[in-house]
There are 2 protein chains.
Amino acid sequence: MKKSGSLENLSEALRRLPGVGPKSAQRMAYHLLQHDREAASALGHALLNAVDRIQHCAACNTFTEIDVCETCQNQERDTHLLCVVETPADQMMIEQTLTYKGLYFVLMGRLSPLDGIGPKDIYLDKLITRATNGTVTEVVLATNFTNEGEATAHYISETLKARGLKVSRLARGVPVGGELEYVDAGTIARAMLDRRAT
Amino acid sequence: MKKSGSLENLSEALRRLPGVGPKSAQRMAYHLLQHDREAASALGHALLNAVDRIQHCAACNTFTEIDVCETCQNQERDTHLLCVVETPADQMMIEQTLTYKGLYFVLMGRLSPLDGIGPKDIYLDKLITRATNGTVTEVVLATNFTNEGEATAHYISETLKARGLKVSRLARGVPVGGELEYVDAGTIARAMLDRRAT
């Protein structure tokens, strides 16, 4: 059997989604065509729409359809604080805590020399320009606590401290609700070193 | 942070793909927008294209862009044999064996009363019309050997035999390369009952 061109194209295009292999791509294509053509159209339009409209915020670098995103335009935000996160999803998690009222900078990634991701790919120049605008007094590094996230935080920290900025990092320690028996030794060691007077 | 409309739409549309949850959908959306906008465009166009062009073959019911697919139009095929499969992927597997030169009928599914999939959803009327065209002398049932596939085969078999057609089923038994120690008892029992003179 020769597959029809459009079907083959669709399978190949679906394979380019992260985490989708040839079998899943084929299954997705058959599912959409057989059971949910409406979803296929919706996804098609959503993709073209997003590619067409979504750009990076001129200030915080997150995805937005306008020049400067709503968060950055918000007059009630504390403009002295700048929180650096890896992804928009991380930013959303911090927003949900309701503990932070400053502004953000979204790196859209992390340093990862092995994958060829260097300072340019995490928009370091844009971050430096943003952080040294004269208003920002403290940069809070909230990259992940993975090896790559820590390395990224370290690199950014050195770069910004050299420019006279105050740089902080989210506290490390035992998670809320954590039982010591089940927390890894590295975390407990860190919590011991960073112990605080009560 | 409020997500931009296009981004939210894209995440929601990606969630409608089979096997994609909210976290994967978001990851896919970020990945496409940050690292592979070209793939996003390609997928968008491929989806709209496929929805627009792909229909069911008038003869064998598979996906095709033309009225009657290339396999059905092939003059070298044995028109007396009709092989019934669940999906185009199954058809492809059979084609790869190079042991079958007849034509096909693709059910695009299997009977599954629990999921509300009845005879209409597997195009049974179309199959009956196709099988009773006067040329077909034998229908080979090649649905899966799962409970649902077996039930589907049984149902189709009864329906077609009542119309005087010869109906056969792919042989069951120990797979090629199979070691008895690791083959399930049901398969060995079947192979014993269906044993053949050598």
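- Chain A has the name Recombination protein RecR in an unreviewed UniProt entry, where Undibacterium jejuense is given as its organism.
- Note on chain A: under the UniProt heading Sequence similarities (unreviewed entry), the record states "Belongs to the RecR family."

1. Overview of the relation of the copies chain B and chain A
Move 1: It takes a turn of 180° to lay chain B on chain A, together with a shift of 0.0 Å along the axis; the resulting RMSD is 0.1 Å. Put plainly, the chains are arranged around a two-fold axis. For chain B, the smallest separation between a C-alpha atom and the rotation axis is recorded for Gly44 of chain B, amounting to 2.0 Å.

2. Points about the UniProt feature "domain: Toprim" (unreviewed entry) in chain A
Move 1: When the UniProt feature table is mapped onto this chain numbering, "domain: Toprim" (unreviewed entry) sits at residues 80-175 of chain A.
Move 2: Helix makes up 34% of residues 80-175 of chain A and strand makes up 20%, while its end C-alpha atoms are separated by 28 Å.

3. Section: the environment of Ala39 of chain A
Move 1: Along the chain, Ala39 of chain A turns up in helix α3 (residues 37-53).
Move 2: Assessed through its relative accessible area of 2%, Ala39 of chain A is described here as buried.
Move 3: Ignoring sequence-local partners within four residues, the contact set of Ala39 of chain A consists of Leu32 of chain A together with Arg16 of chain B.

4. Considerations on the packing of helix α6 (residues 124-131) of chain A against helix α7 (residues 147-161) of chain A
All names here are of chain A.
Move 1: Packing of α6 against α7 leaves a shortest axis separation of 11 Å and a crossing angle of 45°. One finds that α6 runs oblique with respect to α7. Considering how the two elements wind past one another, α6 and α7 form a crossing that is right-handed. On the side of α6, the interface is formed by Leu124, Leu127, Ile128 and Ala131, while α7 contributes Tyr155, Ile156, Thr159 and Leu160.
Move 2: Class assignment of the residues belonging to the contact of α6 with α7 gives a composition of 7 nonpolar, 1 polar and no charged.

5. A closer look at the pairing of strand β4 (residues 102-106) of chain A
Residue and element names in this part refer to chain A.
Move 1: In terms of residue burial, β4 counts as a mostly covered element, since 5 of its 5 residues are buried.
Move 2: Here strand β3 (residues 78-85) runs beside β4; their pairing, made up of 5 bridges, is parallel. Within the sheet, the bridge partner assigned to Val84 lies in β4 and is Phe105.
Move 3: Once you follow β3 into helix α5 (residues 88-97) and on to β4, the crossover reads as right-handed.

6. Looking at the UniProt feature "zinc finger region: C4-type" (unreviewed entry) in chain A
Move 1: UniProt marks residues 57-72 of chain A with the feature "zinc finger region: C4-type" (unreviewed entry), using the numbering shown here.
Move 2: With 19% helix and 12% strand, residues 57-72 of chain A has its two end C-alpha atoms placed 9 Å apart.

7. Description of the interface of chain B and chain A
When the parts come together, some accessible area is lost, and that loss is often what is quoted as the size of the interface.
Move 1: With 56 residues of chain B in contact, the opposing surface of chain A contributes 56 residues.
Move 2: For the pair chain B and chain A, the two sides together bury roughly 5,200 Å², of which 66% comes from carbon and sulfur.
Move 3: Where chain B meets chain A, there are 4 salt bridges.
Move 4: Between Asp36 of chain A and Arg16 of chain B there is a salt bridge whose closest N-O contact spans 3.3 Å.

8. Observations regarding the sheet that holds strand β5 (residues 138-141) of chain B
All names here are of chain B.
Move 1: Strand order across the open sheet formed by 4 strands is β4-β3-β5-β6, with parallel pairing between neighbours. With partners counted over all chains shown, the strands left at the sheet margins are β4 (102-106) and β6 (166-169), one partner each. Put simply, the sheet's adjacent strands are angled 25° from each other on average, direction ignored.
Move 2: Where β5 and β6 come together, 4 bridges link them in parallel fashion. Bridging from a neighbouring strand, Glu138 pairs with Lys166 of β6.

Conventions adopted
Residues numbered from 1 in each chain as written. Chains lettered and ligands numbered in written order. Predicted model: local features only at pLDDT ≥ 70, side-chain atom pairs only at ≥ 80, totals over all residues. Heavy atoms only, no water. UniProt positions renumbered as here; feature names shortened; annotations may be inferred. Least-squares fit on C-alpha atoms with pLDDT ≥ 70 in both. Helix = DSSP H or I, 4+ residues; strand = E, 2+ residues; numbered from the N terminus. Buried < 20%, exposed > 50% of the residue type's maximum accessible area, 1.4 Å probe, protein only. Contact = heavy atoms within 4.5 Å. Axes fitted to C-alpha atoms, helices over the stretch in contact; angles between N-to-C directions. Parallel < 35°, antiparallel > 145°, perpendicular 65-115°, else oblique. Left-handed = near helix turned anticlockwise from the far one by under 90°. Nonpolar A, V, L, I, M, F, W, Y, C, P; charged D, E, K, R; others polar. Pairing = 2+ DSSP bridges. Right-handed = clockwise from strand over helix to strand, strands pointing away. Buried area = accessible area lost by both parts, 1.4 Å probe. Salt bridge = Lys/Arg side-chain N within 4 Å of Asp/Glu carboxyl O.

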